[in-house]
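Observations on chain architecture
One-letter residues, chain by chain:
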Amino acid sequence: MRSDGPPAPRSWGLHLQGFGAFFETELRVQLHEGVAIVTSIVVQVVLLVFVAILAPRLWSVAILGALVFSFFTLGQRVLNEAAYIRVDHKLNQLYLASPLTPESYFLGLSSGILVAYLAPIAALGVVAAVTVPPSPLLLVLVPVAGLAVWLFSASLGYVLSTRFRDMRAIWSYASLLYNGFGVLPPVFYPIGLVPAAARPLALLLPPSAAAALLQWVVHSAALSAAELALAAGALGGETVLLFALAVIWARRTVRED
Amino acid sequence: MPTEALRADDVRKVYRPRSGPAVEALSGVSLRIGAGERVGLLGRNGAGKTTFLKIASTLLAPTSGEVTVFGHSVDRDPERVRPLIAVVPQEGKPFFHLTPREQVVTYLRARGLSRETARERSERALAQMGLGEVADRLSITLSGGQKQRTMVATVIATEAPLLFLDEPTIGMDPFARREVWEALRRLTRMGSTILLTTHYLDEAEALSERLYVLERGRVLVEGTAESLKREAGGTLRVSIPDGRRLLETLRSFGPSVADGTTLHVVTEPARLSEILAIAVRERLSPTVGPVTLEEAFLRTVGHSIDEE
């Protein structure tokens, strides 16, 4: 005999049961870590100081890159937090064996971190608004590109977090990944300095694709129509693909094999 | 709601690590739990208790066999099972940067309860767990026992039809354990069903209406604490520290098991004086008490519950 339970969710589409409450949970958790929030832009500020001293003409590129990088590093926090909750606190078992859907868990966690860390990013945004000549396109593109980079990196961080059984193992991989994706490619420096042969590769990486688009808007980079399309396509396409993968992955990994 | 809360049929689980041999954690576990029952899974570390609980709570795929919760397959229909269950994970900890009150309320909200209901239930659960005074302190400042009580409060506040508790009182002091026991009894009186794992024999006896003893992934025996004790082979237990060498001599007096260097003999009152005489002659100091679940466990499993 079967009981009259709630209807089982359909397989397709996002099922956001419990998202708001888990977002609030994660936001509260993060807001208790004020020092971590404030220090989240230390690397960006240090690099900006270097640029201001060594190459002030690259300021626009660097401050916009700092914004992109700030959104990108939120994925590292998602990676650490999701793994910490699962490995150290085992709270994933509490939350996932409940009506909270796996995508609500992943998105609630990621969004809580995003909102908690918005204040320092906004501070960088204010500096950018004061020092970079604004344009309507820039005002639209900064948040759009920033959110796309956040969604990409949060999705990447969440998927990776499920692969670790030991917190210590995460640190080295996280460092490699975020320096490799966020510092090495032309995020803080002009895409024009990248050798022509390597430019398509840089434009395929969402953080440097976002940075290249912003550089193009402020006339710090000359991109061909094909390069613009590649950057926009890579940023949008990879974000959508990785987000979809993360949702599927979140559903799959609720249950271990 | 069906009268059968949980049914497991021939559940097997084989872990296949990337390196090393496969490990069979469950070797055909079958059990039934009626709605409103409090049932204990008793076993040594590594017996398969947590593996079974993970499968039953939709968090681990079985290799074969089937588990249903109120008629819904945990394997094929987990979305229908999850609203009906709540789980206290083994060694789970609350969010360190939430207070116990925030932890319980936000968890209930994530399960879809209204803010008002969540607040009401959280107050009740926190009070039941004796956490009223620390309800607004960050969990990171709480003792291990208080953190564990926060986890239990979080789950009992759900009032879910079926609760899984994996070693729920680990790290708690005796008073706190009794508060948890009372809260769990109250929940079953209200209609919830509870499946708990424990390796505390007193807890299993105090809390479980029925017990399943697991050993090496198999159910060795099922029954009430009283029926298990009856199967121990006598009503009295004689424990003889350093008496292992008397194992062969005393075997004829009743079921005898050596637990480390201590020999335990389960016997009837009529034969007690003979055993004591033998032990004293060997300059040993036996103690006598009524048979407990410990003897029943030793008799059934052949090892002490604390033995790895």
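Residues numbered from 1 in each chain as written. Chains lettered and ligands numbered in written order. Predicted model: local features only at pLDDT ≥ 70, side-chain atom pairs only at ≥ 80, totals over all residues.

1. Some details on the overall build of chain B
A count of helices and strands for chain B gives 11 helices and 14 strands. Taken over C-alpha atoms, the radius of gyration comes to 22 Å for chain B, in line with the 19 Å a tight globule of 308 residues would show. Taken along its principal axes, the extent of the C-alpha atoms in chain B is 70 × 45 × 40 Å. Within chain B, buried positions represent 51% of all 308 residues. Counted over contacts in chain B with a minimum sequence separation of 6, partners at least 24 positions apart contribute 67%. (Helix = DSSP H or I, 4+ residues; strand = E, 2+ residues; numbered from the N terminus. Rg over C-alpha atoms; globule rule 2.2 N^0.38 Å. Buried ≥ 20, exposed ≤ 12 C-beta atoms within 10 Å, placed from the backbone. Contact = placed C-beta atoms within 7 Å.)

2. Structural notes on unusual backbone geometry
The bulk of non-glycine residues show a negative phi, and the bulk of peptide bonds are trans. Residues and elements named next belong to chain B. Even without being a glycine, Glu 159 presents a positive backbone phi close to 50°. Structurally, Glu 159 can be placed in the loop between helix H5 (144-156) and strand S7 (162-166). Here the phi dihedral of Arg 283 falls at roughly 60°; this positive angle occurs in a residue that is not glycine. By secondary structure assignment, the location of Arg 283 is in the loop between helix H10 (272-281) and strand S14 (287-290).

3. Observations concerning the interface of chain B and chain A
Listed by partner, the interface residues are 34 residues for chain B and 32 residues for chain A. Among the elements that line the side of chain B that touches chain A, the one with the most residues is helix H3 (residues 100-110) of chain B, at four residues.

4. A few points about the nonpolar core
One finds Val 68 and Ala 210 of chain A together with Ala 56, Val 69 and Ile 85 of chain B to be the most contacted residues of the largest nonpolar core, which totals 169 residues. Residue contributions to this core peak at 16 residues, all from helix H4 (residues 59-88) of chain A. In terms of domain composition, this core takes at least three residues from each of domain 1 (4-228) and domain 2 (233-290) of chain B. (Core = buried A, V, L, I, M, F, W, Y, C linked by C-beta atoms within 7 Å. Domains from an automatic or database assignment.)

5. Points about the packing of helix H11 (residues 206-217) of chain A against helix H12 (residues 225-252) of chain A
Residues and elements named next belong to chain A. As a packed pair, H11 and H12 sit with axes 9 Å apart at the nearest point and diverge in direction by 140°. Taken together, the axes of H11 and H12 lie oblique to each other. Crossing of H11 over H12 shows left-handed handedness. Between H11, through Pro 206, Ala 209, Ala 210, Ala 212, Leu 213 and Trp 216, and H12, the contact on the second element is made entirely by Leu 228, Ala 231, Ala 232, Ala 234, Leu 235, Glu 238 and Thr 239. A per-class count over the contact of H11 with H12 returns 11 nonpolar, one polar and one charged. (Axes fitted to C-alpha atoms, helices over the stretch in contact; angles between N-to-C directions. Parallel < 35°, antiparallel > 145°, perpendicular 65-115°, else oblique. Left-handed = near helix turned anticlockwise from the far one by under 90°. Nonpolar A, V, L, I, M, F, W, Y, C, P; charged D, E, K, R; others polar.)

6. Regarding the environment of Pro 255 of chain B
Residue and element names in this part refer to chain B. Here Pro 255 is to be found in the loop between helix H9 (247-250) and strand S12 (256-259). Spatially, the C-alpha atoms of Pro 255 and Glu 182 are 34 Å apart, while their sequence positions differ by 73 residues. Here Pro 255 is in contact with Ala 232, Gly 233, Val 266 and Arg 299, once residues within four sequence places are set aside.

7. A closer look at the domain arrangement of chain B
Here chain B is described as being made up of domain 1 (4-228) and domain 2 (233-290). Taken over C-alpha atoms, the centre of domain 1 of chain B sits 37 Å from the centre of domain 2 of chain B.

8. Structural notes on the sheet that holds strand S9 (residues 210-215) of chain B
Residue and element names in this part refer to chain B. One open sheet holds the six strands; their spatial order is S6-S7-S8-S3-S9-S10, and the pairing between them is mixed. Because the sheet does not close on itself, it has two edges, and the strands there are strand S6 (85-88) and strand S10 (218-223). Direction aside, neighbouring strands of the sheet carry axes that sit 15° apart on average. Bridge analysis of S7 against strand S8 (residues 193-198) gives five bridges, and the strand direction is parallel. Counted as the bridge partner of Leu 163 is Ile 194 from S8. (Pairing = 2+ DSSP bridges.)

9. As for the confidence of the model for chain B
Per-residue pLDDT for chain B averages 93, and the proportion of residues at 70 or more is 99%. Reported confidences for the modelled complex are a pTM of 0.90 and an ipTM of 0.90. (pLDDT = per-residue confidence, 0-100.)

10. Concerning the environment of Thr 193 of chain B
Residue and element names in this part refer to chain B. Note that Thr 193 resides in strand S8. Residue Thr 193 is classed as buried on the basis of its C-beta count, with 26 C-beta atoms lying within 10 Å. C-alpha of Thr 193 to C-alpha of Leu 163: the two residues are 30 residues apart in sequence and 6.2 Å apart in space.

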